[in-house]
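Descriptive structure summary
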Amino acid sequence: MIGTKGTVTAVNGNMVDVRFGGAVSMNEVCYVLIAGKRLKSEVIRIRGEVCQVQVFEITKGIAIGDEVEFTGDMLAVELGPGLLGQVYDGLQNPLPQLAKATGHFLERGVYLPPLPGDKAWDFTPVAKVGDTVLRADTLGTVPEGAFVHRVMVPFGMYGSYTVSSVKPAGSYKVGETVAELKDDKGRNFPVSMGFTWPVKRAVDCYEERLKPVDPMVTRVRLIDTFFPVARGGTYCIPGPFGAGKTVLQQITSRFADVDVVIVAACGERAGEVVETLKEFPELKDERTGRSLMERTIIICNTSSMPVAAREASVYTAVTLAEYYRQMGLHVLLLADSTSRWAQAMREMSGRLEEIPGEEAFPAYLESTIASFYERAGIVRLKDGSLGSVTIGGTVSPAGGNFEEPVTQATLKVVGAFHGLSRERSDARKFPAIHPLDSWSKYRGIIDGEKVAYAHGFMRRGSEVEQMMKVVGEEGTSIEDYVVYLKGDLIDSVYFQQNSFDEVDAAVKPERQTYVFGKLMHVLASRFSFPDKNEARVWFNRLRQKFLDYNGSKWQDERFSSLEKEIDRAVAAQSEGLDKAAERLLA
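Here we summarise the structure given alongside this text.

Analysis parameters
- Residues numbered from 1 in each chain as written.
- Predicted model: local features only at pLDDT ≥ 70, side-chain atom pairs only at ≥ 80, totals over all residues.
- Heavy atoms only, no water.
- Helix = DSSP H or I, 4+ residues; strand = E, 2+ residues; numbered from the N terminus.
- Rg over C-alpha atoms; globule rule 2.2 N^0.38 Å.
- Buried < 20%, exposed > 50% of the residue type's maximum accessible area, 1.4 Å probe, protein only.
- Contact = heavy atoms within 4.5 Å.
- Areas by Shrake-Rupley, 256 points an atom, 1.4 Å probe, with all protein chains shown as cover.
- Lys, Arg positive; Asp, Glu negative; His and termini not counted.
- Charge placed at Lys NZ, Arg CZ, Asp CG, Glu CD.
- Pairing = 2+ DSSP bridges.
- Axes fitted to C-alpha atoms, helices over the stretch in contact; angles between N-to-C directions.
- Phe/Tyr/Trp six-rings, centres within 6.5 Å; stacked < 30°, edge-to-face > 60°.
- Lys NZ or Arg CZ within 6 Å of the ring centre and 35° of its normal.
- Core = buried A, V, L, I, M, F, W, Y, C linked by side-chain atoms within 4.5 Å.
- Salt bridge = Lys/Arg side-chain N within 4 Å of Asp/Glu carboxyl O.
- Parallel < 35°, antiparallel > 145°, perpendicular 65-115°, else oblique.
- Left-handed = near helix turned anticlockwise from the far one by under 90°.

**Digging into the overall build of the protein**
Helix and strand counts for the protein come out as 15 helices and 28 strands. The C-alpha radius of gyration of the protein comes to 28 Å, within 12% of the 25 Å expected for a compact globule of 586 residues. The buried share of the protein, taken over its 586 residues, is 55%. Restricting to contacts in the protein with at least 6 residues of sequence separation, those with at least 24 account for 70%. For the protein, the exposed surface amounts to about 24900 Å²; the carbon and sulfur share of it is 50%. Across the protein, the 69 positively charged side chains and the 77 negatively charged ones have centroids separated by 1 Å.

**Quick look at the sheet that holds strand β14 (residues 170–173)**
One open sheet accounts for four strands, arranged β12-β11-β9-β14; its pairing is antiparallel. The outermost strands of the open sheet, each flanked by one partner alone, are β12 (147–152) and β14. Within this sheet the neighbouring strands show an average axis-to-axis angle of 45°, counted without direction. The sheet contact formed by strand β11 (residues 138–144) and β12 spans six bridges and is antiparallel. Note on β12: the bridge partner recorded for threonine 141 is arginine 150.

**What about the packing of aromatic side chains?**
Enumeration over the complete set of coordinates arrives at 32 aromatic pairs. Both rings, one in tyrosine 514 and one in tryptophan 554, keep their centres 5.5 Å apart while their planes meet at 80°; by these two values the pair is edge-to-face. Of this pair, tyrosine 514 sits in helix α12 (residues 509–524) while tryptophan 554 sits in the loop between α13 (532–551) and α14 (557–573); the two residues are 40 residues apart in sequence, bridging distant segments of the chain. Judged by its relative accessible area of 33%, tyrosine 514 is partly exposed. A relative accessible area of 34% means that tryptophan 554 is categorised as partly exposed. Ring geometry for phenylalanine 529 versus tryptophan 538: centroids 5.8 Å apart, planes at 50°, classification tilted. For phenylalanine 529, a relative accessible area of 8% corresponds to the buried category. Pairwise contacts between aromatic rings join Phe155, Phe195, Trp197, Tyr323 and Tyr324 into one cluster. Here the guanidinium or amino end of arginine 201 rests over the ring plane of tryptophan 197, the centre of that ring lying 5.5 Å away. One residue, arginine 346, lies across the ring of phenylalanine 361, its end atom 4.3 Å from the ring centre.

**Regarding the sheet that holds strand β4 (residues 37–47)**
Read once around its circumference, the closed barrel built from six strands follows the order β1-β2-β5-β4-β3-β6, with strand pairing classed as antiparallel. Across the sheet, the mean angle from the axis of one strand to that of its neighbour is 45°, orientation sign disregarded. Where strand β1 (residues 5–12) and strand β2 (residues 15–21) come together, seven bridges link them in antiparallel fashion. Of the residues in β2, the one forming a bridge with valine 11 is valine 16.

**Brief notes about the environment of glycine 461**
Take glycine 461: it is sitting in helix α10 (residues 448–471). The buried category is assigned to glycine 461, whose relative accessible area is 4%. When sequence neighbours within four positions are dropped, the list of residues in contact with glycine 461 reads Val483 and Tyr484.

**Looking at the nonpolar core**
Core analysis: the biggest nonpolar cluster contains 78 residues, and Phe226, Ile490 and Tyr494 have the highest contact counts within it. Here this core takes 10 residues from helix α11 (residues 478–495), the largest share from any one element. Listed in part, the 69 residues of the second largest apolar core include Leu115, Ala136, Ala264 and Ile369.

**Some remarks on the pairing of strand β13 (residues 161–166)**
One ladder, built from two bridges, connects strand β10 (residues 132–133) with β13; its direction is antiparallel. Counted as the bridge partner of valine 133 is tyrosine 161 from β13.

**With respect to the side chain of threonine 59**
For threonine 59, the location among the structural elements is in the loop between β5 (50–55) and β6 (67–74). If near-sequence neighbours (up to four positions away) are discounted, threonine 59 is found in contact with Gly13, Asn14 and Arg108.

**So, the pattern of salt bridges**
Applying the stated criterion across every chain, the model contains 28 salt bridges. Taking the shortest distance from any N to any O, the salt bridge between lysine 518 and glutamate 563 comes out at 3.0 Å. One end of the pair, lysine 518, is in helix α12; the other, glutamate 563, is in helix α14, and 45 residues separate them in sequence. Here lysine 579 ties to glutamate 582 by a salt bridge, and the two come within 4.0 Å at their closest N and O atoms. In this pair, lysine 579 and glutamate 582 are both assigned in helix α15 (residues 579–585), three residues apart and thus about one turn of the helix distant.

**A short note on unusual backbone geometry**
With an omega dihedral of 5°, the bond running from aspartate 336 to serine 337 counts as a cis peptide bond. Its place among the elements puts serine 337 in the loop between β22 (330–335) and α6 (338–351). Note the cis peptide between phenylalanine 430 and proline 431, where omega equals -10°. With respect to the secondary-structure elements, proline 431 resides in the loop between α9 (422–426) and β26 (439–440). In the Ramachandran plot, alanine 136 falls in the positive-phi region, its phi being about 75° despite a non-glycine side chain.

**Here's the deal with the packing of helix α5 (residues 309–325) against α6**
Contact geometry for α5 and α6: axes closest at 8 Å, N-to-C directions at 130°. Comparing their axes, α6 and α5 come out oblique. At the point where α5 passes α6, the crossing takes the left-handed sense. Across the interface between the two elements, Arg310, Glu311, Val314 and Tyr315 from α5 touch Arg340, Trp341, Gln343 and Ala344 from α6.

If you want it as structure tokens, here you go:
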């Protein structure tokens, strides 16, 4: 229903000034009418009888005097069965259907229903007539891929309701009424399987918010062991262009221990998004044996799409994540890249003539980024089940400068920092996460004291390496040189993984724990070598055995044979254990 109307008074890029008569609210959706098309926009500032709106489309052709219609509704997404497996733009338009309707060059002003309205779903009622229900309570279920999709009381229905009728088990479309609810005044409200929710309002229909504790296994050794991510936690992956941010995200999305994966390409290059769109349907999901795309949603707003929609894509993605969290599922949201979302904010802030902050970013950059990451979390629902949203965002600082505002604002709110290094990327080390700059506040899959002991060799080995660059290898003692070789060993055989190897690309927790214990025994052993050359040769041979060990299948004959070779080599060279490590290995 159209409410207030207005007219365009000024156009500045994708920001349009509108003079209106009536009631208008912040973040309200409006449409600019031009040549028979309706361009979707959002109110971002109101001053007297004039408001500024950001248009989510190309604004070419908009002129002073053009009509604007305000809807009275907030920018919202439609929630219901049929979301999984979809590819949307930032406004929740299904892109494959949009391409069929308009061709591969998408037309502006064309908006399609996000949920398939012609598909029938097998509805099974859960609530009974006479039951008292609250918002987010389950009325029934429908199968959606490998999951049981809960048909819930719409999140916007505050208060208590009585179920006055509910449809019997059968096939129904998303828009059909499946239940009727009566409030305390006797008014009946029809409820279908789909409803809308404002994207900028966090879903809070849970009993209790919990502290993220349990690790979210990614099968990347460096992350799970040294810089873990908690289920329901937050982390960021900053790094220079070409350092492997997108590849690391794709590996994580394939193997992370979560139910649903949502990929938000908020301003990423189109080529990288196309690669994701081509690969995901072909990838086999280990859980179901079917396509990985069946439990994935992709929000696609590439750098070639309108800038203003980048912000919408981020909030659309996190709202969909919160929706599936309400079903007791664990969701991983990957935002790539939040730097380009921040650049869109900077562009709009400049057009609003706001006082700029550091590097011309808006003064509210930190609070906006914080409010996004704060929507992550693990919650206990009313039925006692747990659901979580884990958010991982990449940052693309210019020149790999981690001191720039977006990276610093992100570091203040996330629980883990996986900083990618240009030096390690150029050396073809994957993942290129810097083991000395990165950190995590969460608990991993291996005891923290053991991890700290092993990480100490990496830190001390780096110090010896820097010293050798000044005084040369001959100016280094054999004891320091062995420390350097141990640090290099753990870097080569544990920090790095071969993403092209079927076995080593993703390592299960039990294998990580087992191999780490084997490596700990090497690090804790006291070795004696007559000279540095013999030490280097021995560690190089041991490294190759570990690399072959990593590539062998878990607990097969080759795995056991290589393990025995490693044990014999270490036992022959070892002179006992380091006193500090005896307690850890006991």
